[in-house]
Amino acid sequence: MADEIHTGGCQCGAVRFRVEGKLGDASVCHCRMCQKASGNFYLPLVSVRGAKLVWTRGERKRFRSSNVVWRGFCGDCGTPLTYEAPDGMALAIAAFDRPEGIAPTIQWGVEGKLRYVDHVSKLPGEETMADPEAVSFLADLVSYQHPDHDTETWPPEERG
């Protein structure tokens, strides 16, 4: 049996995975392809090379972003899931059920780094409910996001 088990999946729950074994190097990539693939400033990834990856629900869709790299994502909700290169596969850190335990140790693609990224942590911060414009609709918000743990089935009921 593997020493470590890590689970995760997409936002809607259509695609789920389990990694058995030790995770590899964790990083963030600032290259323009990773920015576009994640819709974000950078893409946090962790290598699963050397571990056993099992897709436990659904199948990822794949996009060939270059002549050597495939990007995996959920075809239903669009959540970025994989970076697949000749030297191995990496998974998006935020797709894990417990991403807080996977800390990046290096930045790649720094030539594409957006100038303001290093200053984001210095921006003023507010809790979600402090936004008076959003409080009225957030008070009745019902999340359809898959929980951060495996479930037998998903979704639990029909949604409107």
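Everything below is about the structure shown above.
Residues numbered from 1 in each chain as written. Predicted model: local features only at pLDDT ≥ 70, side-chain atom pairs only at ≥ 80, totals over all residues. Heavy atoms only, no water.

## Some thoughts on the overall build of the protein chain
Argument step 1. From N to C terminus, the protein chain includes two helices and 10 strands.
Argument step 2. Principal axes of the C-alpha set define a box for the protein chain whose edges measure 50 × 45 × 30 Å.
Argument step 3. Taking the intrachain contacts of the protein chain between residues at least 6 apart in sequence as the baseline, contacts between residues at least 24 apart amount to 58%.
Argument step 4. Surface exposure of the protein chain reaches about 10,600 Å², of which carbon and sulfur atoms provide 53%.
Argument step 5. Averaging the positions of the 18 positive and the 22 negative side-chain charges in the protein chain gives two centres separated by 9 Å. (Helix = DSSP H or I, 4+ residues; strand = E, 2+ residues; numbered from the N terminus. Contact = heavy atoms within 4.5 Å. Areas by Shrake-Rupley, 256 points an atom, 1.4 Å probe, with all protein chains shown as cover. Lys, Arg positive; Asp, Glu negative; His and termini not counted. Charge placed at Lys NZ, Arg CZ, Asp CG, Glu CD.)

## Focus: the packing of aromatic side chains
Argument step 1. Summed over all chains, the structure comprises three aromatic pairs.
Argument step 2. Consider the rings of Phe-17 and Trp-55, whose centres lie 6.0 Å apart with planes at 75°: the pair is edge-to-face. On the criterion of sequence distance, the pair formed by Phe-17 in strand β2 (residues 16–20) and Trp-55 in strand β5 (residues 52–57) is long-range, its members being 38 residues apart.
Argument step 3. In this structure Phe-17 comes out as buried when scored by relative accessible area, which is 0%.
Argument step 4. Geometrically, the ring pair formed by Phe-17 and Phe-96 is edge-to-face, given 5.1 Å between the ring centres and 80° between the ring planes. Taken together, the residues Phe-17 in strand β2 and Phe-96 in the loop between β9 (88–92) and β10 (106–108) connect sequence positions 79 residues apart.
Argument step 5. The structure contains a cluster of three or more aromatic residues connected by ring pairs, namely Phe-17, Trp-55 and Phe-96.
Argument step 6. The cationic tip of Arg-62 hangs over the ring face of Trp-70; the distance from NZ or CZ to the ring centre is 4.4 Å. (Phe/Tyr/Trp six-rings, centres within 6.5 Å; stacked < 30°, edge-to-face > 60°. Buried < 20%, exposed > 50% of the residue type's maximum accessible area, 1.4 Å probe, protein only. Lys NZ or Arg CZ within 6 Å of the ring centre and 35° of its normal.)

## Looking at the side chain of His-6
Argument step 1. Counting through the fold element by element, His-6 comes out in strand β1 (residues 5–9).
Argument step 2. Among the polar contacts made by the side chain of His-6, one reaches the side chain of Glu-4 at a distance of 2.9 Å.
Argument step 3. When residues no more than four places from it in sequence are discounted, the contact partners of His-6 are Phe-17, Arg-18, Val-19, Gly-21, Leu-23 and Phe-96. (Polar contact = N/O pair within 3.5 Å; in protein donor to acceptor, adjacent residues only side chain to side chain.)

## A look at the sheet that holds strand β3 (residues 26–29)
Argument step 1. Reading across the sheet, the seven strands line up as β6-β7-β8-β9-β4-β3-β10 and stay open at both edges, with mixed pairing between neighbours. The open sheet terminates on both sides in strands that have one partner only, identified here as β6 (61–64) and β10. On average, each strand axis in the sheet is tilted by 30° relative to the strand beside it, whichever way the strands run.
Argument step 2. Taken together, the four bridges between strand β8 (residues 80–85) and β9 define a ladder with antiparallel strand orientation. When the bridges of β9 are listed, Tyr-83 appears paired with Ala-90. (Pairing = 2+ DSSP bridges. Axes fitted to C-alpha atoms, helices over the stretch in contact; angles between N-to-C directions.)

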